[in-house]
Amino acid sequence: MTLPGSPYLAYKGADLYMDDISLRDLVRQHGSPLYVYSRKAMLAALAPYQRALKGRQHLVCYAVKANSNLAVLQTFAQAGCGFDIVSAGELARVLAAGGDAGKVVFSGVGKTRAEMKLAIETGVRCFNVESTAELEVLSEVAAGLGQRARVSLRVNPDVDAGTHPYISTGLKGNKFGVAHELAVNTYKRAAALPGIEVVGIDCHIGSQITEVSPYLDALDRVLDLVEAIEAGGVRIHHLDLGGGLGITYTDETPPGADELIAQLLAKIDARGHGHRELVFEPGRSLVGNAGVLLTEVMYLKPGEKKNFCIVDAAMNDLMRPALYEAYMGIVNTQQRDDAAQTWDVVGPVCESGDWLGRDRQLSVQAGDVLAVLSAGAYGMTMASNYNTRGRAAELMVDGDQVWVVREREAVADLFKLEKLLPA
Ligand SMILES: *Cc1c(COP(=O)(O)O)cnc(C)c1O
């Protein structure tokens, strides 16, 4: 069986290993539930981006919201990446992890004035601006600091990325980006504002995209705009084509980053835009299959209609199944010989939406450790304390080395900011 995450995730005999580490052993030592990431797998996922862009002026900006652990950010900073951020909090993380503000692009529809000010003072490379209203506020904030904010407008190319409605962002009905028809005039407006310096154009059409064609369609639409904007006298330096490349959770077959980029470059060159600097903002494709969530089986509850396998991880630890009905692979970290049965893998949280997998064929007993696969992206970053559950610990492995990169949250931490009313 080839697992998503292979070769960094594979059985040796009956036991599941990440790199050279037995995952069951990690739970024995560090408890459950537990996120584990492979540093090698992350760097291996980055390599095809860097290979495909070699010889071009480019910047790969890792999208921090996919997995914002400091050690993850540090890994990408050391590998030369920039970062795509969506809040001042993420900027603070990037700086704490040794990232370079000069390689940060700041995305998001609702940046506050305080966030804008901080980002300008820190020297971020570019704001990806999503509306005229935001542009005007940003100009005011920058001018107030005696500066000009470097800006690219996020344009909405109105293409269907063929992905889940909650993670599709490039259609007319989405809240994201400046509408295609308004883009040329918005650029003219931007160029006239005292606190704005136009440097690029940006689009991001969605997430978990498994085909090349929506990217090519979006690129054509963006290049049409670049030509119209430049004809109107505003210079565009860089093209930011966003993130969104999908990964294999079950039977998806997304293109490799190198194949995707090769096709984009061919179009960029054919249309005479080969001199432009290129920016990409991958998140999921760099970390998704580099991580697993380990969880111990507490109780088996066979029933008339359904068999429930109750584990100690829940929707608060990993929200994707509850939020998007997302499928994530689930395997036993110790392969058993007995016949598999069909189980719904569910957590202890008091919601019927609290499930990690439905109708899964598993050979399992209480006390076993299951691995939820492809959990490196949008796992821990979406975790909450619902049901007053402390968030899981996070580990990073590299070969035979293991580091605790986030301690398990203690119960006392969960309400330390709360106050009783006076007696
Ligand atoms: C979320 C996001 C990304 C990363 O998306 P992935 O699907 O994780 O690659 C990139 N850019 C922007 C603006 C985003 O909101």
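Rules and cut-offs
Residues numbered from 1 in each chain as written. Predicted model: local features only at pLDDT ≥ 70, side-chain atom pairs only at ≥ 80, totals over all residues. Heavy atoms only, no water. 1 Å grid on protein atoms, 1.4 Å probe; cavity = no way out; pocket = protein on both sides within 12 Å on 5 of 7 lines; lining within 4 Å. Points joined across faces, edges and corners; volume = space filled by probe spheres on them. Helix = DSSP H or I, 4+ residues; strand = E, 2+ residues; numbered from the N terminus. Nonpolar A, V, L, I, M, F, W, Y, C, P; charged D, E, K, R; others polar. Buried < 20%, exposed > 50% of the residue type's maximum accessible area, 1.4 Å probe, protein only. Contact = heavy atoms within 4.5 Å. Domains from an automatic or database assignment. Buried area = accessible area lost by both parts, 1.4 Å probe. Salt bridge = Lys/Arg side-chain N within 4 Å of Asp/Glu carboxyl O. Polar contact = N/O pair within 3.5 Å; in protein donor to acceptor, adjacent residues only side chain to side chain.

Undergrad: What exactly am I supposed to notice about empty space enclosed by the protein here?
TA: A probe matching the size of a water molecule, rolled over the atoms, marks out where space remains unfilled. Counted under the stated rule, the structure contains two cavities of 30 Å³ or more. Cys203, Ile205, Tyr215, Ala218, Leu219, Leu241 and Leu264 together form the lining of the largest cavity. At three residues, helix α8 (residues 213-231) tops the list of elements feeding residues into the lining of the largest cavity. Taken together, the residues that form the lining of the largest cavity break down as seven nonpolar, no polar and no charged. Quantified by volume, the second largest cavity comes out at close to 40 Å³. As for the second largest cavity, its lining consists of Tyr49, Tyr215, Gly242, Gly243, Leu245, Leu260, Phe280, Glu281 and Pro282. A class-by-class count of the residues in the lining of the second largest cavity yields six nonpolar, two polar and one charged.

Undergrad: Mind showing me how you'd approach the environment of Glu351 here?
TA: Mapped onto the fold, Glu351 is located in the loop between β17 (341-346) and β18 (355-362). Of the residues examined, Glu351 reaches a relative accessible area of 36% and is grouped as partly exposed. It is 8.9 Å that separates the C-alpha atoms of Glu351 and Met315, two residues lying 36 residues apart in sequence. With residues up to four places along the chain from it excluded, the contact list for Glu351 reads Met315 and Tyr386.

Undergrad: How should I be thinking about the domain arrangement of the chain in this particular structure?
TA: Quoted interface sizes are often the accessible area lost when the parts come together. Its domain assignment divides the chain into domain 1 (9-38 + 288-414) and domain 2 (107-282). For domain 1 versus domain 2, the separation of C-alpha centres amounts to 36 Å. Counting from both sides, the interface comprises nine residues of domain 1 and, opposite them, seven residues of domain 2. Approximately 750 Å² of surface area, both sides summed, lies buried where domain 1 meets domain 2, with 60% of it carried by carbon and sulfur atoms. Taken together, domain 1 and domain 2 are joined by zero salt bridges. Taken together, domain 1 and domain 2 are joined by one residue pair in polar contact (both at pLDDT 80 or more). Residue classes in the side of domain 1 that touches domain 2 are distributed as four nonpolar, four polar and one charged.

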